[in-house]
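An overview of the molecular structure
Here is what each chain is made of, one letter per residue.
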Amino acid sequence: MAAAADRSLPRPVIEAAVGAVAPSGQALRQLAIALAADPAALAKGAPPVAGKLAAELIARGSAVLTVPVCTICGRTGKPLSRGDAGAAVCQRCRAWQRAVACASCGKVRPRAWQDSDGQPVCEVCRRGDPGRHRTCGRCGKTAPVAVRARDGHPDICGNCYRMPTATCSVCGRQKECNFAATSRPVCISCSPRATAACARCGQDRPPAARWPEGPVCDPCYTAVLRRRGLCASCGQQRRLVAPPGPAADTCADCAGLPVTHACADCGTEDKLYEKGRCAQCSLRRRARELLSAGTGTVPPQLSGVFDAVTAARQPRSALNWLRKGAGAGLLADVAAGRLAISHNALDDCPHRRAADYLRHMLTAGGALPARDEELARAGEWLVKVLAAIEPASDRRLVQAYATWQVMRRLRASAAGAARPRTPTAHARNNIRAAAGFLAWLRSHGTTLAACGQADIDRWLRTGPAACTARDFLAWAASRGHCQRLTIPAPPRATGPAISQDQRWAHAARVLHHTALDPTDRVAGCLLLLYGQPLSRIAAMTTSQVTRRDGETLVRLGRHDVPVPGPLADAVLKLIRGGRSYRGVGSPPATTWLFPGHLPGRPITPARLGERLRAIGIYAQTGRRAALLDLAAQLPAAVLADLLGLHETTAAKWMHQAGGDWSRYAAELSRSLPHQT
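By convention here, each chain's residues receive numbers from 1 onward along its written sequence. With pLDDT at 70 or above as the cut-off, local features in this predicted model cover only qualifying residues; side-chain atom pairs require 80 or more to be listed or tallied, and sums for whole chains, interfaces and linings still use all residues. Hydrogens are left out, water is left out, and the side-chain values use all remaining heavy atoms of the structure.

Attention shifts here to the overall build of the protein. Helix and strand assignments come from DSSP, with helices taken as H or I runs of at least 4 residues and strands as E runs of at least 2, each series counted from the N terminus. When helices and strands are tallied, the protein shows 29 helices and 25 strands. Based on the C-alpha atoms only, the size of the protein along its principal axes is roughly 105 × 85 × 55 Å. Burial classification: accessible surface area is computed with a 1.4 Å probe over protein chains only, and a residue below 20% of its type maximum counts as buried, one above 50% as exposed, and the rest as partly exposed. Put simply, the protein has 676 residues, and 41% of those count as buried. Of the contacts formed within the protein by residues at least 6 apart in sequence, a portion of 45% connects residues at least 24 apart. To be clear on the numbers: accessible area is Shrake-Rupley with a 1.4 Å probe, and residue cover counts the displayed protein chains and nothing else. For the protein, the computed accessible surface area is about 35800 Å², with 54% contributed by carbon and sulfur atoms. Charge-centre separation for the protein: the mean point of 91 positive side chains lies 3 Å from the mean point of 49 negative side chains. What makes two residues a contact is simply this: any of their non-hydrogen atoms within 4.5 Å. A positive count includes Lys and Arg, and a negative count includes Asp and Glu. His and the chain ends are not counted in either. The location of each charge is read from NZ of Lys, CZ of Arg, CG of Asp or CD of Glu.

Attention shifts here to the sheet that holds strand E23 (residues 545–548). Strand order in the open sheet made by the three strands is E23-E24-E25, with antiparallel pairing throughout. What marks the edges here is a single partner per strand, and that holds for E23 and strand E25 (560–562). Averaged over neighbouring strand pairs, the angle between their axes works out to 40 degrees when direction is ignored. Pairing of strand E24 (residues 551–555) with E25, which is carried by three bridges, proceeds in the antiparallel orientation. Along E25, the bridge assignment pairs Val554 with Val561. Strand pairing is assigned whenever DSSP detects at least two bridges linking the two strands. To get an axis, fit a line to the C-alpha atoms, keeping to the stretch in contact for a helix; angles then go from 0 to 180 degrees between the N-to-C directions.

Looking at the secondary structure, you find Val21 in helix H2 (residues 11–21). Linking Val21 and Arg353, residues 332 residues apart in sequence, is a C-alpha distance of 35 Å.

A word on the side chain of Arg582. Counting through the fold element by element, Arg582 comes out in the loop between helix H24 (565–577) and helix H25 (605–614). In the sections that follow, a salt bridge refers to a side-chain nitrogen of Lys or Arg positioned within 4 Å of a carboxyl oxygen of Asp or Glu. Salt bridges are absent for the buried Arg582, whose nearest opposite-charge side chain, Asp517, sits at 11 Å.

We call a set of buried residues a nonpolar core when its members are Ala, Val, Leu, Ile, Met, Phe, Trp, Tyr or Cys and they connect through side-chain atoms within 4.5 Å of each other. Val522, Tyr530, Ile537, Leu567, Phe594 and Leu643 are the most contacted members of the largest nonpolar core, which totals 44 residues. Top element by residues in this core is helix H22 (residues 518–530). It accounts for eight residues. In terms of nonpolar packing, the next biggest core, distinct from the first, is built from 38 residues, Leu386, Leu410, Leu448 and Ile456 among them.

Attention now moves to the side chain of Asp560. The residue Asp560 is located in strand E25 in this model. Accessibility expressed as a relative area gives 18% for Asp560, which makes it buried. Engagement of the side chain of Asp560 in a polar contact is seen with the side chain of Arg555, the distance being 3.2 Å. Contacts of Asp560, omitting those with residues within four sequence positions, involve Thr546, Arg548, Leu553, Val554 and Arg555. Identification of polar contacts relies on pairs of N or O atoms within 3.5 Å, with a donor-acceptor requirement for protein atoms, meaning one able to donate a hydrogen and the other able to accept it, and with residues adjacent in sequence counted only if both atoms are side-chain atoms.

In this section: the packing of helix H26 (residues 619–631) against helix H28 (residues 647–656). Look at H26 against H28: their axes get within 8 Å of each other, and the N-to-C directions meet at 85 degrees. The pairing of H26 with H28 is recorded here as roughly perpendicular in orientation. Between H26, through Arg624, Leu627, Leu628 and Ala631, and H28, the contact on the second element is made entirely by Trp653, Met654 and Gln656. Of the residues that constitute the contact of H26 with H28, the class distribution is five nonpolar, one polar and one charged. Oblique is the label for every angle not falling under 35 degrees (roughly parallel), over 145 degrees (roughly antiparallel), or within 65 to 115 degrees (roughly perpendicular). When residue character is reported, Ala, Val, Leu, Ile, Met, Phe, Trp, Tyr, Cys and Pro are called nonpolar, Asp, Glu, Lys and Arg charged, and the others, Gly included, polar.

The subject of this paragraph is the pattern of salt bridges. Taken as a whole and judged by the stated rule, the model has 31 salt bridges. Two residues, Asp347 and Arg359, come together in a salt bridge whose shortest N-O distance is 2.8 Å. Taken together, the residues span a long stretch of sequence, with Asp347 in helix H14 (residues 343–347) and Arg359 in helix H15 (residues 352–364) at a distance of twelve residues. We classify Asp347 as buried; its relative accessible area is 18%. Classification of Arg359 as buried rests on a relative accessible area of 1%. Through salt bridges with shared partners, a single ionic network connects Asp347, Arg352, Asp356, Arg359, Arg371, Glu373, Arg377 and Glu380.

What follows deals with the pairing of strand E11 (residues 174–178). Sheet topology note: the strand E10 (residues 165–167)/E11 ladder contains three bridges and is antiparallel. Bridging across to E11, Thr165 finds its partner in Glu176. Joining the antiparallel neighbours E10 and E11 is a turn of six residues, in which Gly172 adopts a positive phi near 75 degrees. Both E11 and strand E12 (residues 186–187) contribute to a ladder of two bridges, which runs antiparallel.

Our next topic: the sheet that holds E10. Judged by pairing direction, the sheet is antiparallel, and its three strands sit side by side in the order E10-E11-E12 without closing on themselves. The strands lining the two open edges of the sheet, one partner per strand, are E10 and E12.

On to the packing of aromatic side chains, then. Each Phe, Tyr or Trp ring (for Trp, its six-membered ring) is paired with any other whose centre lies within 6.5 Å, and the angle between the two planes then decides the class: stacked below 30 degrees, edge-to-face above 60, tilted in between. Scanning the model with the defined rule gives seven aromatic pairs in all. Considering the side-chain rings of Phe437 and Trp440, the 6.4 Å spacing of their centres and the 15 degrees angle between planes classify their relative orientation as stacked. Residue Phe437 and its partner Trp440 are both found in helix H18 (residues 425–443); the two are separated by three residues, about one turn of the helix. Each member of the pair Phe437 and Trp440 is classed as buried. Centroid distance Phe437 to Trp459: 5.2 Å. Interplanar angle 70 degrees. Geometry classified as edge-to-face. Taken as a pair, Phe437 in helix H18 and Trp459 in helix H19 (residues 453–460) lie far apart in primary sequence, 22 residues in all. Grouping residues by exposure puts Phe437 and Trp459 together as buried. Among the aromatic residues, ring-to-ring pairing joins Tyr401, Phe472 and Trp475 into one connected group. Charge over a ring is defined by NZ of Lys or CZ of Arg lying within 6 Å of the ring centre and within 35 degrees of the ring normal. Taking the ring centre of Trp504 as reference, the NZ or CZ of Arg503 above it sits at 4.5 Å.

Before going further, it helps to spend a moment on the confidence of the model for the protein. Confidence scores here are pLDDT values: one per residue, from the predictor, ranging 0 to 100. Taken residue by residue, the protein gives an average pLDDT of 84. The fraction at 70 or more is 93%. Low pLDDT, under 50, characterises residues 663–668; the predicted model gives this stretch two contacts beyond four residues in sequence or across chains.

The structure is reproduced here in structure tokens:
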């Protein structure tokens, strides 16, 4: 429709303009409804979303449209709405078109409020007695005074006034409290509030608003402001306000009432956040102000971060992060040039957690090159460990082992494996074992060169982790630092498994209980049905899921494995909707099947395990039961190919399950018909 109204621009330019002014689905629907109802809406600039599109098209070179103006006052640059006889008028002129006599002063003025009887009240009377307005001694503005001047202290307006701080007698926290000078101070959160029966739900709650039908509690107030329906008069999808109450079927325009709670930027009727804007538009304004350092133009380097922040599913959560998040302060320093966009600058930041979160945000937004964080942390940890080793000869030996054996092997592993995180726990344990073993030798009056097998036997009795020094001793012997010594390999970790009845009961629950979160359902099924470890489940990508001939398949090893129907539905739902909550600054599109809280990163295995334990599924015992059952039914080679296991690992599981597949081919040839 926009293309039909302006044929001077190519269609891609018009589509880009529509996407810029109508980022949400609701705003896009309102734009379509407005253009369908009045083809001249772009020329008039009303409603506000049409005027915003007209301004965007003009900025992109339209030769047909002109800047929309109010037909009454002639002002430009103001959101316009449809007035009497379909004319485009600004909000101020529209308010004066609907002016009525104030029930308090009797003057004909725009309606700003209504009293308990539903009678209109003007803005002057709503604000109260103008005689209370004085010049604030802190901000210098003329406003209603909260604290009058006395004892040499100036007048304080309501915006600058802060209650005295005390320990709340109810919650015990140090906060701003009423009755702070008494024995029972009470903070605002704990202060009792007057309640009334909600006219919508009937619950006895503090009213958020008082409408003609009566007081309305905050949940109902929010739900009503966000509810949409077809107007019985104009047929548009609008917020219905008349008649008052749940049976409303008419929008404000058709009912002759002022349109309240309409965003001044996008025209969406919603619960407003600040200065006449909805939460989404407020987020865009604040993010632009922060990332542009007040200039209004976001640097190209940070444009990806801006798009990710403004695409948040919960705009209010993102607004809270911009307002008080520690990472937001660092982001403001980056935008203003006070903090360099580099890993070294973020490493030196004293607020480590905030800097790490910002690092992931900048990396996901393309402003900072990616690096292996686990490998970098291991390097920093190694520097601290080496600094604590005495004497210097032991420190040099551990440094040589860590540099040329452990860290080189770790870097090679990180470069050759396509996974989001490099496991460093084993490497750290080896370095700790080397340092601990040298310290133990020193405490027993011997050196590594003089160490014998008897010393190794005594060292092994110090604890179950003593055998971890095996790698260090093998390296030291190959370099001539000690003689060849024998130390056993660490014992293979084994443990109990749940019964097959318990396993199938858990699997049936996550398969068919649709009330569970799709993340928990898919992860639980992959664990219980296919024996996948949490580290591999967390790192799965959407490319591992394919659809073929109406069937959903998941690639776990070398082959695509079909999944049952309920699991397929959960997987597809997870891909379409993703997780319900992701961190601020996360890209709107992700390749991870289980996106995590950190922007651009998948969920951690530890967090995934916590989620499964919350629904009664324990990863180790559940996975052992699954692998024992599968190993008893399939040969080791087939099991390794399907589930992505190593052949040796699959063979060990087969032996634990008691399976013997030495004659698998012969049995298969006898049981199945084959063509000769």
